[in-house]
Amino acid sequence: MTSAVSSHSFKSGEGTWVTCHTYSNRSPILALYMGSLNVSFCPGSSAEVTDADLSFAKELARSAAAYLAACESFHAKQA
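The following refers to the structure shown. (Residues numbered from 1 in each chain as written. Predicted model: local features only at pLDDT ≥ 70, side-chain atom pairs only at ≥ 80, totals over all residues. Heavy atoms only, no water.)

**Section: the overall build of the protein**
Alright, step 1. Tallying secondary structure elements over the protein gives one helix and three strands in all.
Alright, step 2. Secondary structure elements of the protein occur, N-terminal to C-terminal, as β-β-β-α.
Alright, step 3. Relative to the 2.2 N^0.38 estimate, which gives 12 Å for 79 residues, the radius of gyration of the protein is 16 Å and therefore markedly larger than a compact globule would have.
Alright, step 4. Each principal axis of the C-alpha distribution contributes one length, and for the protein these read about 45 × 40 × 25 Å.
Alright, step 5. Within the protein, the fraction of its 79 residues that count as buried is 9%.
Alright, step 6. Of the contacts formed within the protein by residues at least 6 apart in sequence, a portion of 9% connects residues at least 24 apart.
Alright, step 7. Carbon and sulfur atoms provide 58% of the accessible area of the protein, an area that totals close to 6700 Å². (Helix = DSSP H or I, 4+ residues; strand = E, 2+ residues; numbered from the N terminus. Rg over C-alpha atoms; globule rule 2.2 N^0.38 Å. Buried < 20%, exposed > 50% of the residue type's maximum accessible area, 1.4 Å probe, protein only. Contact = heavy atoms within 4.5 Å. Areas by Shrake-Rupley, 256 points an atom, 1.4 Å probe, with all protein chains shown as cover.)

If you want it as structure tokens, here you go:
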């Protein structure tokens, strides 16, 4: 059995933004809006958040923090 792989690049800048939608009766949704392309991350079930969902969210947060630090460092070099 083969599996399909899809790779996409998302460029930040004017008109791009990100937000976390939270609800009292379902799991949260992290949404990235990039012009005509929107991407969202959410647990596999809207009714629960599993240990795997938590692990993914933590790794996503760590990677986003590393991305921020790298962007800040690169930006500072431009000044």
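Continuing now.
**Side note on the sheet that holds strand β2 (residues 29-34)**
Alright, step 1. An order of β1-β2-β3 is seen for the three strands of this open sheet, with the pairing classed as antiparallel. Lying at the two open borders of the sheet, with one neighbouring strand each, are β1 (16-21) and β3 (37-41). Taken pair by pair, the neighbouring strands of this sheet meet at an average axis angle of 15°, ignoring direction.
Alright, step 2. As paired elements, β1 and β2 share six bridges and run antiparallel to each other. For Thr19, the partnering residue across the bridge sits in β2 and is Ala31. (Pairing = 2+ DSSP bridges. Axes fitted to C-alpha atoms, helices over the stretch in contact; angles between N-to-C directions.)

**Some points on the packing of aromatic side chains**
Alright, step 1. Applying the stated rule across the entire model yields two aromatic pairs.
Alright, step 2. Ring geometry for Trp17 against Tyr33: centres 4.1 Å apart, planes inclined by 20°, an arrangement best described as stacked. Here the residue Trp17 occupies a position in strand β1, and Tyr33 occupies one in strand β2, the gap between them amounting to 16 residues. (Phe/Tyr/Trp six-rings, centres within 6.5 Å; stacked < 30°, edge-to-face > 60°.)

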